[in-house]
Amino acid sequence: MAAEKTSKKANTPRFSKEQLISSERFAKDSDLLEALLGDGLYLVSEVEKKIRDYKKGKVE
């Protein structure tokens, strides 16, 4: 079962900052993503959490 969870995580798509900013899904938050995201690849769920946390005032 642990191997199954690991393989699902490995197959989850990750996106670059540029891909996320240019996507329709995050169009309204593109300026925010420009400031919050660094270089690297991100899961959509990670980006959504960063946006939620920022809007709630929980910036690290």
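One structure accompanies this document, and this report is about it. What you see is a predicted model; the values in this text were computed from it and never measured.

Across its full length, the protein holds four helices and two strands. By residue count, 23% of the 60 residues in the protein fall in the buried class. Taking as baseline every contact in the protein between residues at least 6 positions apart, the subset at least 24 positions apart corresponds to 34%. Approximately 4,800 Å² of the protein is accessible, and the part contributed by carbon and sulfur atoms is 52%.

Let's shift gears to the environment of S16. With respect to the helices and strands, S16 occurs in strand β1 (residues 15-16). In this structure, the C-alpha to C-alpha distance between S16 and D39, residues 23 residues apart in sequence, is 7.4 Å. Dropping the residues within four chain positions of it, S16 is found in contact with G40 and L41.

For the rest of this paragraph, the subject is the nonpolar core. Of all hydrophobic cores here, the largest spans nine residues; its members are L20, F26, L32, L33, L37, Y42, V44, V47 and I51. When residues of this core are traced back to their parent elements, those giving at least two are α3 (30-36) and α4 (44-56). If one sorts the elements of this core by residue count, α4 sits on top with three residues. Beyond its immediate sequence surroundings of up to four residues, Y42 is in contact with P13, R14, F15, L20, L37, V47 and K50.

As a further point, take the environment of Q19. Here Q19 lies in helix α2 (residues 17-22). As a C-alpha pair, Q19 and Y42 span 23 residues in sequence and 10.0 Å in three-dimensional space.

Turning our attention to the pattern of salt bridges. Between side chains of opposite charge, a pair can form when the charged atoms approach closely. According to the stated counting rule, one finds six salt bridges in the structure shown. R14 serves as the salt-bridge partner of E46, at 3.6 Å between the closest nitrogen and oxygen. You can see E46 sitting in helix α4 and its partner R14 sitting in the loop between α1 (2-11) and β1, a full 32 residues away along the chain. Its relative accessible area of 30% is what places E46 among the partly exposed residues.

Calculation criteria
Starting afresh in each chain, residues are numbered from 1 along the sequence in its written order. For a predicted model such as this one, the threshold for reporting local features is a pLDDT of at least 70, and the threshold for listing and counting side-chain atom pairs is 80 or more; totals across whole chains, interfaces and linings nevertheless cover every residue. Hydrogens and waters are ignored; side-chain quantities use all the structure's heavy atoms. Under the scheme used here, helices are H or I runs from DSSP no shorter than 4 residues and strands are E runs no shorter than 2 residues, and both carry numbers assigned from the N terminus. Burial classes: relative accessible area under 20% of the type maximum marks a residue as buried, over 50% as exposed, and values in between as partly exposed (1.4 Å probe, protein chains only). Contacts are residue-level and defined by heavy atoms, with any inter-residue pair within 4.5 Å sufficient. Each accessible area is a Shrake-Rupley result for a 1.4 Å probe, and residues are judged covered by the shown protein chains and nothing else. The definition of a nonpolar core used throughout is a set of buried Ala, Val, Leu, Ile, Met, Phe, Trp, Tyr and Cys residues joined through side-chain atoms within 4.5 Å. By salt bridge we mean one thing: a side-chain nitrogen of Lys or Arg within 4 Å of a carboxyl oxygen of Asp or Glu.

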